Amino acid sequence: MSSPTPDFDALSPSSRLSFFLNGSKIILDGNTIDPDATLLDFIRSQGQGFTGTKLGCGEGGCGACTVVIQSRHPTTKQMQHLAVNACLAPLVSVDGKHVITVEGLGNSEHPHPLQERLWKMSGSQCGFCTPGIVMSIYALLRNAVYRGQLTIADVELEGVLDGNLCRCTGYKPILDAAKSFVGDYTRALRGAAGQTNGKEEEIFEVPINYKAANMDEADEECSTGCCSKKDSVVPVSTDITMPVPSALETDVPPIDPSAGAIGRTAPTTPLTTDTKTASFTASSSAPKGCGRADCCQLPSSSSSSTPSKPSPIFPRFTLKPYQPTTELIYPPSLTHHVLSPLKFGSPSRQWYRPTTLSQLLSIKRQHPSSKLVGGSSEIGIEVHIVGRSYPVSVYVSDIPELYEITRPTIENPVLSFGANLPLAELDALCKELVEEMPEEFGDALKAIRGQLRYFAGFQIRNVASVGGNVATASPISDLNPVWIATGTKLVAATADGGEFDLPMDEFFVGYRKTKLPEDAIIVRIVVPLHAKQVVRAYKQAKRRDDDIAIVTSCFAMRVNDDGIIEHSKFAYGGMAAWTISVPKTEAFLQGKPFTAATLESALAVLGLEVDLPFNVPGGMPSYRKTLALSFFFKFWTAVSSSLSLSFSSSLSAIDLADITSTIHRAPSSGKRDNSDPYAQEVVGKQEPHASGLKHVTGEAVYIDDMPKVGNEGYGALVLAKKAHAKILSVDPSEALAMEGVYSYVDHTDLPNPRANYWGAACIDEVFFAVDEVVTYGQPIGMIVATSKIIAQKAARLVKVAYEDLPVLLTIEDAVAQESYHMAYDRRIERGEEIEAALAGADFVLEGETRMGGQEHFYLETMAALVVPKMEGGEMEVFSSTQALTDAQRWVAQVTGVPRNRIVTRGKRLGGGFGGKESRSSHLTAIVAVAAKKCRRPVRAMLDRSEDIATTGQRHPCLAKWKVGFTKEGKLVALKTDFFANGGHSQDLSGGVVDRALAHLENSYWIPNVAVRGRVCKTNTVSNTAFRGFGGPQGMVVSEHYIEAIAHKLNLDIDDVRTMNLYKEGEKTPYHQPVLDWHVPRLLKDCRAESDYDKRKVEVDRFNKEHKWRKRGIALVPTKFGLAFGVKAMNQGTASVLIYMDGSVLVAHGGTEMGQGLYTKCCQIAAQELGVPLEAVFTSESSSATVANAVPTAGSAGSDLNGFAVFNACAELRKRLEPYRTKLGPDATFQAVVSAAWGDRVSLQAVGHHATPDLGYEWNNQNPTGNLFHYFTQGVAACEVEIDTLTGDHTVLRTDIKMDVGKSLNPAIDYGQIEGAYIQGQGWCTTEESLWLRHNGAIATLGPGSYKIPGFSDIPQVFNVSLLRDAEWPNLGSIKASKGIGEPPFFLGYSTVLALRYALKSARADGGVHELLECRLPMTSERIRLACSDSLLEQGTVVPKDGQQGFFVNI
């Protein structure tokens, strides 16, 4: 058989891949591995010790898979450390390189300084994203050595973390930890280069930068007793024996009276042991004490229990110094590694790796349709998510000719660079050239840099090439408009025809189509740098960092000395199916004077040239057209400013600056009040998360990290491709014929038809679709195969035939058709008949409040591993769930056994936020069916797109309200009809709407109320619990009508809020008195501490002076009820076991998902038993340990489980008390428990807690019982700035003050507050879920299209403080603490209130004074379209002939 590529094969290409992984050499035969396998697949296949690198999204958008590639640059041979996405990197890309994962840095016994600082500074919560973040910062540190310094700007402003996402922390502690490394690295650079002048020097240490990291630099002694007190916390032995002499100390070891009993040998005489000294202090991988420099456990520390004064910034810790020259070295053998041609693969896909340009051209001649792969940022997604096939793939990033650079000179101002130059290198090159070249040549270089800074994430920019970006012909490419506008040309080549030029302004000919011949490659890009040419590039996206453009553009213009336009070239992305220029506008401008009249006429021509239909693919027609015009206006003004050409006398210097600049953020700052006023010996201390050190080292084990079980299969779901349809047939035969496939599983494999039905509140949905699908993405079956790759390929081969049925998606359509989940219809009524009360009010307003949903975006997607025991139907179920009991229930049902045969277990979740309360059982049950049928263990972890398509979101909601009030602004009456989009099943929707109804008044007393809630039934995912559980949706409505009242009466909204606040003891609409009411004080304190009134005056002054930038400020309270809405759920159980070495094991029904529940419960146990925290441990949660546990949700985890732990410990203390008395106060805990055991006293106790005083009865409008146990309260002050031309915004400052009672652990509570706020801010601004109108599928399936906040979205100044010096006489919670996970979420809405404040000024400037509609999220699109100016008027697109938008907001 002849070779397909004779020229290349003549080189005898090898199939051997050779690289290093954390210092160990790896050699692979490429023909023995799946050619679709990525670097992530390989790393994780190595099992335990290599699972820190995570799969979070599969598209290079979340950073969980980040590793560092250490290598020599292909041309300069300089050492480089590149953070890359392992989920996209093909294995061929690491040949000859050193791969470093988080495990290569350190472990929990010997962590890297970076790992230690992230841990101690609470930089992780759920921990799933943490290893990836560690590696991105690690690359920054390694490269700082070669730059000679690390600055705050390097950490925050250069985008090194914009490819990493965290859903838990709020980012600030991560940035603080990274900034602790800021400093001068020049000595490290000399050491790395061997420049020591022949002298031995001390190992260089970078000083800890406490100031940059917002840490306390004071060396004050501890005044808090921040560790265990010697008179109350007893040392605990971790020795496996009892404290008696061993053969090491004596020739005749005596018989231990306790341990001897286990040895069935009783002592002949009583043995007296030293109960005071015969024990050892508990050992731990963590340093002794709490980690602070002033820790009372350190020598000479104080044990005073005097409460500490609040510290202005973060506490100081004892931290490891950073020694850059002691890092993992570049393997010496790689220095001599010579890259040679590679060829390997399988019949389905062949990989080629040429090392020269001629080799590449030879391959391309033989395989014209072959796919060239550089950074793999696009093909990786196409192969692994879309499922496309590329039989021949050619890796081109090891060809030095494609990196060559020709720098411009004054004589020849042309920049030429190889097509495979990575984007990050081009950015660095342009930065250098801007400094080197005369300013008149710099505009094009600055435009390139401006686009590159916000191009994808840093990991992508490190590997993605310019040529690859051009060749993919994306219609929204950030760079292609720059190349067109600047007159750039491509130099391409073929094997037979040599090189030829392709002008960029003629390159694109259709959607993803170019003039590049199939057998040609792009060799280099040539960019002319024209003197005295003004060039500007603009981009607008949903989020500033790491986001694809909505519209992107570049403009170039030359104006002669007479003010006549000599040349113009404009290009747009996002305005057509390919990057376009606007020749009609360019032709119009040619020879025209640079005047206001020319601008006005040019805008009219441009408006026609970039017009869009209302149903344009990608949606947002008015916004996109308005952006195109606004960008042109910005550019025109930039030309005016740059060339000192005045075209409008109405533009002030402030206007020019605002129009021509882009919103950029400053480095973040802020403080926590760092107060531990209620600290006891253990409880109330700022202790790091119990698993934090495991998070940062990659040792924390999640479901898919668990070692592979023998004979294991991997499951992949077969999902519906219709939103509503009959199933005519399902044919898995082609999938079953595929090698490596074990089985296909569907509803026919269940014990009976009834077993297919499940649900949360109602049994109204099925595990497997049978005859009908009711939502796009509904599971129909599951393929089980030897690997995930094979299972997913096979699942795509299952053929399903459908017959379409009518589709219902939105709330409005459901209300119109009266499509509701009929089991639910709730009301709350209080006071006069509502119509009479409204009639008696001075004023009545009515309105609508519309809120979108929100994707949970927990970094660990749904995952399950089910191990059948092959004995009596027993199964061991490992599930990433908040509800182990639910998982047990449904697995028992679908496998046809009693629940006592099913043990569900969970150690930790990579985030949950409510999304894993009920919906996690769906995947778990299906996996269990597969495990039973296949008689083998089966695991499954959903890809991000599958998770979003199938699992449900926060409920989109609509409220139609009427509010009555007095002429002074006092609330009189409220009537509301509240609707939630429940999706195709009811799930937890009823409870969500219950809570929304109960929060429609937020913090305000309303004497007359009548509100009703309904759940709409639609053909969408079944929406479910999400942090806040309806409470935020209700409070948004309240703030809308408060704003409406202030607007109507022309009152200050802060005054309207204040006059309507509850007073102590006043009752809610559901007849519950508001007790321990601190909101008035919180408002007062936050107002003063944030300088709110002064800043509000400054904001108003700013808005008078600025037209094109506006600022807004808002101060808003929250009152969040704590307790499950179902009385029976308000209970918790715990089991506490004391072992004879004095160590304590705590188990309870709660699950750990980053909220610190395990940590807090261990603190409670340590406090009550009088032992150090390190003596207490929680291994996991299990249905075999605690039966019938309620879900961990509703911020009630500590309230229920913590109190149960307390009760169990109280029982144990009672049992041990006689032995404490008998042995004396100095006896060790070990001695006490040994004595008790010797007397046959049980050292295990079960505690139970039921929340008292609950009993509210829904739809009974008379007083019944309390709905909530207490209210967590808080206040936020937020200030924002917007660009009225683009809709872009930034949060300038946020101050939060929370009443959390007596915090069990302030360090964890601070993190919960910050994380909840940022998540709430995301819901209100950037997080928009969109559905496709034509098929009912969700379009926002991953980080590429769904934008949670990133590092650069947090407030530039972010301050958090806790209420102290207060009293809670009515608070009966555990240690008088309060649940904190959910309550701060609503405070993120302060961002929207501030945005609306800014928009009020912008609209007034345009003559619009009516109140802006309230619709969430407040995206950049909605902000821009809410403004009022002539550009928006020109850009508005009106639907024609019944046109509807491309997307649907459900």
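Just so you know, these numbers come straight off a predicted model, no measurement behind them. (Residues numbered from 1 in each chain as written. Predicted model: local features only at pLDDT ≥ 70, side-chain atom pairs only at ≥ 80, totals over all residues. Heavy atoms only, no water.)

## Re the sheet that holds strand S43 (residues 1176–1177)
Here is step 1 of the chain: If you trace the four strands from one edge of the open sheet to the other, you get S43-S42-S41-S45, paired in mixed fashion. Unpaired on one side and paired on the other, S43 and strand S45 (1244–1250) mark the two borders of the sheet.
Here is step 2 of the chain: Pairing of strand S41 (residues 1131–1138) with strand S42 (residues 1144–1148) involves five bridges; the strand directions are antiparallel. When the sheet's bridge partners are listed, alanine 1134 is paired in S42 with histidine 1148.
Here is step 3 of the chain: Packed on one face of the sheet, helix H34 (residues 1157–1169) meets S41, S42 and S43 and runs near 130 degrees to S42.
Here is step 4 of the chain: Against the sheet, helix H35 (residues 1197–1223) touches S41, S42 and S45, its axis set at about 140 degrees to S45. (Pairing = 2+ DSSP bridges. Helix = DSSP H or I, 4+ residues; strand = E, 2+ residues; numbered from the N terminus. Contact = heavy atoms within 4.5 Å. Axes fitted to C-alpha atoms, helices over the stretch in contact; angles between N-to-C directions.)

## A short note on the sheet that holds strand S19 (residues 534–540)
Here is step 1 of the chain: Pairing is antiparallel in the open sheet, where four strands are placed in the order S19-S20-S21-S22. Bordering the open sheet on either side are S19 and strand S22 (580–581), each of which pairs with just one other strand.
Here is step 2 of the chain: Direction of pairing for strand S21 (residues 565–573) relative to S22: antiparallel, over a ladder of two bridges. Bridge pairing links tyrosine 572 to isoleucine 580 in S22.
Here is step 3 of the chain: The strands touched by helix H13 (residues 443–453) are S19 and strand S20 (551–559); relative to S19, the strand with the most contacts, the crossing angle is about 10 degrees.

## With respect to the side chain of aspartate 545
Here is step 1 of the chain: Inspection of the secondary structure puts aspartate 545 in the loop between S19 and S20.
Here is step 2 of the chain: Among the polar contacts made by the side chain of aspartate 545, one reaches the side chain of arginine 453 at a distance of 2.9 Å.
Here is step 3 of the chain: In this structure the side chain of aspartate 545 is engaged in a polar contact, spanning 2.6 Å, whose partner is the side chain of serine 1352.
Here is step 4 of the chain: Once you skip the residues sitting within four places of it in the chain, aspartate 545 turns out to touch Asp162, Arg453, Tyr454 and Ser1352. (Polar contact = N/O pair within 3.5 Å; in protein donor to acceptor, adjacent residues only side chain to side chain.)

## Regarding empty space enclosed by the protein
Here is step 1 of the chain: Tallying each qualifying case throughout the model produces 18 cavities of 30 Å³ or more.
Here is step 2 of the chain: Approximately 120 Å³ is the volume found for the largest cavity.
Here is step 3 of the chain: Gly852, Gly853, Ser1329, Asn1449 and Ile1450 are, among the 16 residues lining the largest cavity, the residues nearest its centre.
Here is step 4 of the chain: Here the residues of the lining of the largest cavity sort into six nonpolar, five polar and five charged. (1 Å grid on protein atoms, 1.4 Å probe; cavity = no way out; pocket = protein on both sides within 12 Å on 5 of 7 lines; lining within 4 Å. Points joined across faces, edges and corners; volume = space filled by probe spheres on them. Nonpolar A, V, L, I, M, F, W, Y, C, P; charged D, E, K, R; others polar.)

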